[in-house]
Amino acid sequence: MKLGLVRGAVVATVKTPAMDGMKLLVVQPLNTAQEPDGDVVVAADAVFQAGRGDLVYFVASREAAEAMEPQFVPVDHAIVGIVDAVDIPT
Amino acid sequence: MKVGRVIGTVTSTVNHEFFDGRRLLVCDLVDRGRTTNDYLICVDRVGAGVGETVVILDEGTSARQMFAIETGPIRSVVVGIVDDIHEQETGTEPPPL
């Protein structure tokens, strides 16, 4: 899993039926210093409460589909937690 | 599996139910004793703490078997605490026999 910052939402009316009702968010992956790290991805929101400005952690690849209900959906990134705190002692 | 170093923890209240009560560790990945620019947030399975060098399983099916679940968004798990790593620097191997 990686840290990410939710930058916005994606709205798609026409989509494959397995994605109906799915909330899609634009996520900027972050490094451990919480600086942007890599390309922005579109992630499904598996906690249903994430929104713009939230620091989240997300899974990629097959595990993203495992986060959704049902598990056989066409997603490759999913937000699985909203971060309360990252504690990295210096 | 991968070698990492635990540098911190992540806490969350709103999360996928699999992560309820799970301890999440931020681990820098390590190559030949040095931390790289890459990292993983892992579920702790061995009680590792900040500063420790660890072995990280990074494969979903094995991870789900470890937690005895058929489905779940889990892939990276800290599965061991490293005591020592013996490896030779590239280029210092003894000549072939």
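Engineer: Help me out: how do you make sense of the overall build of chain B in this one?
Structural biologist: If you tally the helices and strands in chain B, you get 1 helix and 5 strands. In sequence order, chain B lays out its α and β elements as β-β-β-β-α-β. Along the longest, intermediate and shortest principal axes, the C-alpha atoms of chain B span 55 × 25 × 20 Å. In chain B, which comprises 97 residues, the proportion classed as buried is 34%.

Engineer: Hey, could you run me through the overall build of chain A in this one?
Structural biologist: Along chain A, the regular secondary structure elements total 1 helix and 5 strands. Sequence-ordered secondary structure for chain A, helices as α and strands as β, is β-β-β-β-α-β. In terms of overall dimensions, chain A is globule-like: its C-alpha atoms have a radius of gyration of 13 Å, near the 12 Å expected for 90 residues. Here the C-alpha coordinates of chain A stretch approximately 45 × 20 × 20 Å along the principal axes. Residues counted as buried form 36% of the 90 residues belonging to chain A.

Engineer: Help me understand the pairing of strand 4 (residues 53–58) of chain B, please; the structure alone is not making it clear to me.
Structural biologist: Two faces, one strand: in a regular strand the side chains alternate between the faces of the sheet. Residue and element names in this part refer to chain B. Relative to strand 4, strand 1 (residues 2–15) runs antiparallel, the two sharing 4 bridges. Opposite G4, over in strand 4, you have V54 as the bridge partner. As paired elements, strand 4 and strand 5 (residues 76–81) share 5 bridges and run antiparallel to each other. Looking at the pairing, V55 lines up with G80 of strand 5.

Engineer: Looking at this structure, I do not really get the nonpolar core. What am I missing?
Structural biologist: The nonpolar side chains of soluble globular proteins are, as a tendency, buried together. Core analysis: the largest hydrophobic core is formed by 45 residues, its most contacted members being Y57, F58, A78, I79 and V80 of chain A together with C27 and V78 of chain B. Among the elements that make up this core, the one with the highest residue count is strand 5 (residues 77–87) of chain A (5 residues). Among all residues touching A78 of chain A, those that are not within four sequence positions of it are A43, A44, A46, F58, V59, A64, A67 and M68 of chain A together with P73 of chain B.

Engineer: I keep staring at unusual backbone geometry and nothing clicks. Help me out?
Structural biologist: For residues besides glycine, phi is generally negative; the peptide bonds are generally trans as well. With an omega of -5°, the peptide bond running from E69 of chain A to P70 of chain A counts as cis. Along the chain, P70 of chain A falls in the loop between helix 1 (62–67) and strand 5. Here the phi dihedral of F48 of chain A falls at roughly 65°; this positive angle occurs in a residue that is not glycine. Along the chain, F48 of chain A turns up in the loop between strand 3 (41–45) and strand 4 (55–60). One non-glycine residue, A68 of chain B, lies in positive phi territory at about 55°. If you trace the backbone, A68 of chain B turns up in the loop between helix 1 (60–66) and strand 5. Given 6 C-beta atoms within 10 Å, A68 of chain B falls into the exposed group.

Engineer: What should I look at first to understand the interface of chain A and chain B in this one?
Structural biologist: Size of an interface: often given as the accessible area lost when the parts come together. Contacts between chain A and chain B engage 27 residues on the former and 23 residues on the latter. Put simply, the parts of the chain that give the side of chain A that touches chain B at least two residues each are strand 1 (2–10), strand 4, helix 1 and strand 5 of chain A. For the side of chain A that touches chain B, the element with the most residues is strand 5 of chain A, which contributes 9 residues. Residue composition of the side of chain A that touches chain B, by class: 16 nonpolar, 5 polar and 6 charged. With 5 bridges connecting them, strand 5 of chain A and strand 1 of chain B associate as antiparallel partners. Bridged to V86 of chain A within strand 1 of chain B is V10 of chain B.

Rules of the game
- Every chain's residues receive numbers from 1 upward, in the order its sequence appears when written.
- A letter from A marks each chain and a number from 1 marks each ligand, given out in the order of writing.
- Given that this is a predicted model, residues contribute local features only at a pLDDT of at least 70 and side-chain atom pairs are listed and counted only at 80 or more, while totals for whole chains, interfaces and linings are drawn from all residues.
- Labels follow the DSSP assignment, with helices taken as runs of H or I lasting at least four residues and strands as runs of E lasting at least two, numbered in each case from the N terminus.
- Residues are called buried when their C-beta atom has 20 or more other C-beta atoms within 10 Å, exposed when it has 12 or fewer, and partly exposed otherwise; all C-beta atoms are positioned from the backbone.
- In this setup the radius of gyration rests on C-alpha atoms only. A globule is expected at 2.2 Å times the number of residues raised to 0.38.
- Strands are labelled as partners when DSSP assigns at least two bridges between them.
- Linking buried Ala, Val, Leu, Ile, Met, Phe, Trp, Tyr and Cys residues through C-beta atoms within 7 Å yields a set, and such a set is a nonpolar core.
- A residue pair is marked as a contact if its C-beta atoms, positioned from the backbone, fall within 7 Å.
- We call Asp, Glu, Lys and Arg charged. Ala, Val, Leu, Ile, Met, Phe, Trp, Tyr, Cys and Pro are nonpolar, and the rest, Gly among them, are polar.

Any functional reading would require information beyond the geometric quantities listed.
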